[in-house]
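# Structure assessment
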Amino acid sequence: MWMYLGLLAALFLGLHNLCKKHAVQGNEVFPVLLGTISSGFLLLLPFYFGSVFFKEFMIDIEFYITDIPLKTHGFIVIKSAIMAASWVLAYQALKHLPITIVTPIRSAGPFFTFIGAITIYQEKPNSWQWAGFCLIIFSVILYSRIGKKEGIHFKRNKWIFAIIGATFLGASSGLYDKFLIQSLALNPQTLQFWFCFYTVLLLLIILTITWFPYKEKRQAFKWRWTIPLVGILLQIADYFYFKALQDPEALIMLLSAIKRSQILIAVVVGGYIFKEQNKRKKLVPLAGIMLGVFLILYS
C-alpha cells in the first residue's frame with residue numbers, strides 16, 4: 001500500500017509542478033511562494049479548529065491534529081527552515097529555466113536520499129536498486145547536454161546551481177521526514193499543519209526584508225489562479241507521502257524514487273503547454289529515468 005500511496009503523491013506533485021511553473025513565470029518569486037504555502041495552511045486550518053472543538057469527530061475521520069510538546073515543535077521548525085531554503089532556490093530556478101530542464105535535475109533527488117538512507121537508516125539496496133539509481137543519474141547528465149543546446153550551460157548558469165542546491169535540501173528534508181513520522185510518531189496532518197504554520201512565519205520574515213519595502217517589486221507581482229492551486233496540490237501530495245511513510249516497512253529511498261515518476265507529467269505535458277524546445281530529444285533521458293524508477297520498483 002505504501003508504494004501505491006507514493007504513486008498518488010507523484011501524480012499530485014506532477015500537477016503541482018505544472019501549476020508552479022505557470023505561477024512563477026515572469027512573476028515575483030517570494031510572494032508567489034508565500035501565497036502557495038499560505039493557501040496550503042488555510043486548507044489545513046479547519047482541521048485544526050475541528051481538532052480543538054470536535055475532537056471525537058476528527059479522530060473518527062482520522063484527521064485529528066494532535067497536541068505535541070515544545071521539543072517536537074523545534075524539530076518541525078528545522079524542517080520548515082530546510083524546505084523554505086529549498087523552495088526559494090527552486091522557485092528562482094524555475095522562473096529562469098525551462099520546466100523540462102528543472103524537473104529532470106530534481107529527479108536526481110533520489111540519489112541524495114539513497115546515500116542518506118544507506119548511511120543514516122542502514123537501508124540495504126540490492127543490485128537492481130543500484131542499477132536503477134545509476135541509470136537515473138546518467139539520464140540527468142544527458143539532460144545537461146540537451147540543456148546546452150538551449151543556451152543553458154550547466155557549469156556557468158547560477159540557476160542550475162540553485163536547482164541542484166534545492167534538490168539536495170529537498171532530499172535532506174525527505175530523510176528528515178522519516179525521523180519525524182516514524183521516530184516522533186507524528187501523524188501526517190499534524191506535521192503538515194505546523195510545518196505550514198512555521199514556513200509562513202519564515203517567509204514573512206524574508207519578505208519583510210526583501211519584498212515589502214520595495215514598491216517596484218510589489219507592483220511587479222501578478223496574482224494568478226495557479227498560486228493557491230499550487231499550495232492545495234502540494235498538501236494533497238504530502239498527505240499521501242506522509243501516510244506512506246507511516247508504514248514501518250516503507251523504505252525512504254524507494255519512496256523518493258517513486259515520487260520521481262512525476263517527471264512524466266512535467267516533461268511530456270509541461271513541455272507542450274509551455275512550448276519548450278527539444279521535447280523529443282528529452283524523451284530519451286526521460287525514458288532512462290523512468291526505467292531507473294522501474295528497476296527500483298521491480299527490485
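Conventions we followed
- Residues numbered from 1 in each chain as written.
- Predicted model: local features only at pLDDT ≥ 70, side-chain atom pairs only at ≥ 80, totals over all residues.
- Heavy atoms only, no water.
- Helix = DSSP H or I, 4+ residues; strand = E, 2+ residues; numbered from the N terminus.
- Buried < 20%, exposed > 50% of the residue type's maximum accessible area, 1.4 Å probe, protein only.
- Contact = heavy atoms within 4.5 Å.
- Areas by Shrake-Rupley, 256 points an atom, 1.4 Å probe, with all protein chains shown as cover.
- Expected span 1.5 Å × (residues − 1).
- Bend = angle between axes of the 7 residues up to and from the residue.
- Axes fitted to C-alpha atoms, helices over the stretch in contact; angles between N-to-C directions.
- Parallel < 35°, antiparallel > 145°, perpendicular 65-115°, else oblique.
- Left-handed = near helix turned anticlockwise from the far one by under 90°.
- Patch = residues over 30% accessible without salt bridge, like charges linked within 9 Å, V, L, I, M, F, W, Y side chains within 5 Å.
- Salt bridge = Lys/Arg side-chain N within 4 Å of Asp/Glu carboxyl O.
- UniProt positions renumbered as here; feature names shortened; annotations may be inferred.
- Core = buried A, V, L, I, M, F, W, Y, C linked by side-chain atoms within 4.5 Å.

- Looking at an unreviewed UniProt entry, one finds the protein chain named EamA domain-containing protein and attributed to marine sediment metagenome.

### Details of the overall build of the protein chain
- Along its length, the protein chain carries 14 helices and 0 strands.
- Counting helices and strands in the order they occur from the N terminus, the protein chain gives α-α-α-α-α-α-α-α-α-α-α-α-α-α.
- By the burial criterion, 54% of the 299 residues in the protein chain qualify as buried.
- Residue pairs in contact within the protein chain that sit at least 24 positions apart in sequence constitute 86% of those at least 6 positions apart.
- With an accessible surface of roughly 13,800 Å², the protein chain has 69% of that area assigned to carbon and sulfur atoms.

### Details of helix 2 (residues 29-53)
- Look at helix 2: 37 Å from first C-alpha to last across 25 residues, which is about the 36 Å you get at 1.5 Å a residue.
- At Leu44, helix 2 is deflected by roughly 30 degrees, the largest bend along its length, and proline Pro46 occurs up to four residues later in sequence.

### Let's talk about the packing of helix 2 against helix 9 (residues 188-210)
- Running from N to C, helix 2 and helix 9 cross one another at 150 degrees; their axes reach a closest spacing of 9 Å. Relative to helix 9, helix 2 is oriented roughly antiparallel. In this structure, helix 2 crosses over helix 9, and the sense of that crossing is left-handed. Contact residues: Phe30, Pro31, Leu33, Leu34, Ile37, Ser38, Gly40, Phe41, Leu44, Leu45 and Tyr48 in helix 2; Gln192, Phe193, Trp194, Cys196, Phe197, Thr199, Val200, Leu203, Leu204, Ile206, Leu207 and Thr210 in helix 9.

### A short note on the environment of Cys196
- Within the element layout of this structure, Cys196 appears in helix 9.
- When the C-alpha atoms of Cys196 and Ser80 are compared, they prove to be 7.6 Å apart, with 116 residues separating the residues in sequence.

### Let's talk about the environment of Trp130
- With respect to the helices, strands and loops of the structure, Trp130 is situated in helix 7 (residues 127-149).
- Taking relative accessible area as the criterion, Trp130 reaches 41% and is therefore assigned partly exposed.
- Between the alpha carbons of Trp130 and Gly292 there is a distance of 9.3 Å; along the sequence they are 162 residues apart.
- In this structure Trp130 touches Phe114, Ile118 and Pro125, once residues within four positions along its chain are discounted.

### A look at a nonpolar patch on the surface
- On the surface, Phe49, Val52, Phe53, Phe54, Phe57 and Ile61 cluster together into a nonpolar patch covering about 650 Å² of accessible area.
- At 3 residues, helix 2 tops the list of elements feeding residues into the nonpolar patch.
- Tracing the sequence through the fold places Phe57 in helix 3 (residues 55-60).
- Given a relative accessible area of 52%, Phe57 falls into the exposed group.

### Observations concerning the UniProt feature "transmembrane region" (unreviewed entry) in the protein chain
- In this structure's numbering, the residues bearing the UniProt feature "transmembrane region" (unreviewed entry) are residues 29-54, 75-94, 128-147, 159-176, 191-213, 225-244, 250-274 and 283-298.
- Between the first and last C-alpha atoms of residues 75-94 the distance is 28 Å; the span itself is 100% helix and 0% strand.

### Points about the nonpolar core
- Judged by nonpolar contacts, the single largest core of 72 residues is most densely connected at Ile76, Trp87 and Tyr91.
- Element by element, the count of residues in this core is highest for helix 11 (residues 226-246), at 11 residues.
- With residues near it in sequence (within four places) discarded, Trp87 still touches Leu33, Ile37, Phe195, Thr199 and Leu234.

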